[in-house]
Amino acid sequence: MTSGSGAPAHIERGDVCWNAGDFESALGHYRLALDADAGNVEACSNVAAAHYQLDEFKESAKFYRRCLKLDADYVEALFGLASALRGLEDYAAAAVYYRQALALEPDRIEPHWELGFTLDALGDVIGASEAYRACLNLDPAHGVATHLLNALTGTTTLAAPADYIASLFDDYAEGFEQSLLDDLHYSVPEHFRAEMTNIFGAPNDMRANNDSLPISWALDLGAGTGLIAKAIKPWVENIHGVDLSKNMLARAAEDKIFEQIFVMDMADFLSNHRDGAQKTYDLAVSGDAFVYIGDLEPVFRGVANRLADQGWFLFTVECLDIGDYALLPTGRYAHSKTYIQDTAEIYGLKVMDLRKIIPRRDGNEAISGYFCALQFK
Ligand SMILES: C[S@@+](CC[C@H](N)C(=O)[O-])C[C@H]1O[C@@H](n2cnc3c(N)ncnc32)[C@H](O)[C@@H]1O
């Protein structure tokens, strides 16, 4: 490591923290570098990038603009400012900087889909499709661009690509629960609590009678940060969680609600026995995760294989009025009541409850969903 107190030494110390994922400390070192040399464009860009990592988009944009005053073609600052403006939902300005940056470095992959997303938000469907296709020209297997292009063009696929889910929720994990509470009015955990009370009785009554808990092993599919696991915990001894996003599960692990967590696709988990997993579960739950899967047959088949006799399967979906399932422009899938009923029947799952709910809101719009309770018998 470089010793001393000049800008390069501070940048080097900042880089060590950055590489360890400690963006707060990295920011401190980069600021010292900038204090030592106010004209150092690299230090300035690093300060902006660290603010971005900390979701401080306004500060990030401020320092990227300062970089561009030092060097108008500093390409990291152009890409960075575009992303910070996208974070601030200033899509019109973001598009300008994405285009300027991509004109200088057209082979960068990620900014193409980010520009697509930005143009989509501005209602520019043609521009957005072109940008997603440009991303796919550079990387034909790019899951995010594939899925967003399919959603934009109304092309229903079997499921969202695993790398789309992992990248969406790995990024989202930090602010997930706050955003559900503040913006989305997420009601799904309450519906699980209500259904568990309907089926198994109120937890207080069980405790008063000193009864053993009705569920020995539960499995949470698309467990996320563990909100559903927490909701069902009063009735359950042990819970396993499965999710494609390691960051969502890392947050869940902080609350120690799961006996074990598995970072993988839920259908894969169900169809192959994993070390540490139970052969059968008394209850399988999935809250707001089937909205990322169109074809639910592999999951229903897997759940039927892994549920104990009389075991329960509780989940939510978004409503579709006509057809089986469809990928919506939101990038989420919706499923029809008849599709759920028919698929359940194929795998010997009896529909015990299937009712309309409002799982969450999207801006002013109330999303329409179903809460489903199936029993294996
Ligand atoms: C909207 S979150 C809901 C999380 C949690 N169930 C809750 O109600 O708070 C959806 C979760 O499903 C996960 N997910 C989506 N598709 C999946 C799949 N095929 N296999 C495993 N997890 C998946 C995502 O990573 C994400 O954590």
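Thresholds applied
- Residues numbered from 1 in each chain as written.
- Predicted model: local features only at pLDDT ≥ 70, side-chain atom pairs only at ≥ 80, totals over all residues.
- Heavy atoms only, no water.
- Helix = DSSP H or I, 4+ residues; strand = E, 2+ residues; numbered from the N terminus.
- Buried < 20%, exposed > 50% of the residue type's maximum accessible area, 1.4 Å probe, protein only.
- Contact = heavy atoms within 4.5 Å.
- Areas by Shrake-Rupley, 256 points an atom, 1.4 Å probe, with all protein chains shown as cover.
- Pairing = 2+ DSSP bridges.
- Right-handed = clockwise from strand over helix to strand, strands pointing away.
- Phe/Tyr/Trp six-rings, centres within 6.5 Å; stacked < 30°, edge-to-face > 60°.
- Near = heavy atom within 4 Å.
- Polar contact = N/O pair within 3.5 Å; in protein donor to acceptor, adjacent residues only side chain to side chain.
- Nonpolar A, V, L, I, M, F, W, Y, C, P; charged D, E, K, R; others polar.
- Domains from an automatic or database assignment.
- Buried area = accessible area lost by both parts, 1.4 Å probe.
- Salt bridge = Lys/Arg side-chain N within 4 Å of Asp/Glu carboxyl O.
- Axes fitted to C-alpha atoms, helices over the stretch in contact; angles between N-to-C directions.
- Core = buried A, V, L, I, M, F, W, Y, C linked by side-chain atoms within 4.5 Å.

Quick word on the overall build of the protein
Scanning the protein from N- to C-terminus turns up 18 helices and eleven strands. For the protein, the residues scored as buried account for 50% of the 377 residues in total. By sequence separation, contacts in the protein at least 24 residues apart represent 56% of the contacts at least 6 residues apart. Accessible area of the protein: about 17200 Å², with a carbon and sulfur share of 49%.

Considering the pairing of strand E3 (residues 260–263)
Here strand E2 (residues 236–243) pairs with E3 via four bridges, running parallel. Along E3, the bridge assignment pairs Val 242 with Phe 262. Where the polypeptide runs from E2 across helix H15 (residues 246–254) and back to E3, its parallel neighbour, the crossover connection is right-handed.

Some thoughts on the packing of aromatic side chains
Overall, the coordinates contain 13 aromatic pairs when judged by the stated rule. Measuring from centroid to centroid gives 4.9 Å for Trp 18 and Phe 23, while their planes differ by 80 degrees, and the two rings are edge-to-face. Between Tyr 52 and Phe 57, the ring centres sit 5.2 Å apart and the planes meet at 55 degrees, which makes this aromatic pair tilted. Judged by relative accessible area, Tyr 52 falls into the partly exposed class, the value being 23%.

Focus on the site of the ligand
Near the ligand, the surroundings consist of 21 residues, among which Tyr 186, Gly 222, Asp 243, Asp 265 and Gly 287 are the closest. Leu 244 places a main-chain nitrogen or oxygen 3.3 Å from a nitrogen atom of the ligand. About the coverage of the ligand: the protein hides 98% of its 600 Å² of free accessible area. In terms of residue class, the shell around the ligand is made up of 14 nonpolar, four polar and three charged.

A few points about the domain arrangement of the protein
Assigned domains of the protein: these are domain 1 (7–156) and domain 2 (172–376). The straight-line distance from the C-alpha centre of domain 1 to that of domain 2 is 35 Å. Counting residues at the interface gives five residues for domain 1, matched by seven residues for domain 2. In total, about 520 Å² of surface goes out of reach between domain 1 and domain 2, with carbon and sulfur atoms giving 63% of it. Considering only the side of domain 1, the residues that lose the most area to domain 2 are His 147, Ala 151 and Thr 156, jointly responsible for 81% of the buried surface there. The tally of links between domain 1 and domain 2 comes to zero salt bridges. Our count for the domain 1 to domain 2 interface comes out at two residue pairs in polar contact (both at pLDDT 80 or more). Residues belonging to the side of domain 1 that touches domain 2 are distributed by class as follows: one nonpolar, four polar and no charged.

Here we look at the environment of Ala 7
Relative to the assigned elements, Ala 7 resides in helix H1 (residues 7–19). Ala 7 sits 205 residues away from Ser 212 along the chain, and the two C-alpha atoms are 63 Å apart. Those residues within four positions of Ala 7 in sequence are excluded, and the remaining contacts are Ala 33, Ala 36, Asp 37 and Asn 40.

Quick notes on the sheet that holds E2
Across the sheet, seven strands lie side by side as E3-E2-E1-E4-E5-E11-E8; this open sheet has mixed pairing. On the outer flanks of this sheet lie E3 and strand E8 (349–357), each paired with one strand and no other. Averaged over all pairs of adjacent strands, the angle between their axes in this sheet comes to 15 degrees, without regard to strand direction. Bridge count between strand E1 (residues 215–221) and strand E4 (residues 281–286): three bridges; the pairing is parallel. Bridge pairing in E4 places Leu 219 opposite Ala 284. Packing against the sheet, H15 makes contact with E2 and E3, and its axis sits at approximately 170 degrees to E3. Strands E1, E4, strand E5 (307–318), E8 and strand E11 (369–376) of the sheet are contacted by helix H17 (residues 297–306), whose axis makes an angle of about 155 degrees with E5.

Some points on the pattern of salt bridges
For the structure shown, the criterion picks out eleven salt bridges. With a shortest N-O distance of 2.9 Å, Asp 288 and Arg 332 are connected by a salt bridge. Linking Asp 288 in the loop between E4 and H17 with Arg 332 in the loop between strand E6 (325–327) and strand E7 (333–335), this pair joins segments that are 44 residues apart in sequence. Each member of the pair, Asp 288 as well as Arg 332, carries the same accessibility label: buried. Taken together, the salt bridges that share partners define one network made up of Asp 288, Glu 318, Arg 332 and Arg 360.

Looking at the nonpolar core
If you look at the biggest cluster of nonpolar residues, it comprises 87 residues, and the most contacted ones within it are Phe 192, Ile 232, Val 236, Leu 283 and Leu 314. At eight residues, helix H5 (residues 75–87) tops the list of elements feeding residues into this core. Per-domain counts for this core show at least three residues from each of domain 1 (7–156) and domain 2 (172–376). Excluding its chain neighbours within four sequence positions, the residues that come into contact with Ile 232 are Phe 192, Met 196, Ala 218, Ile 239, Leu 283 and Val 285. Of all hydrophobic cores here, the second largest spans 35 residues; its members include Phe 269, Cys 319, Tyr 347 and Leu 349.

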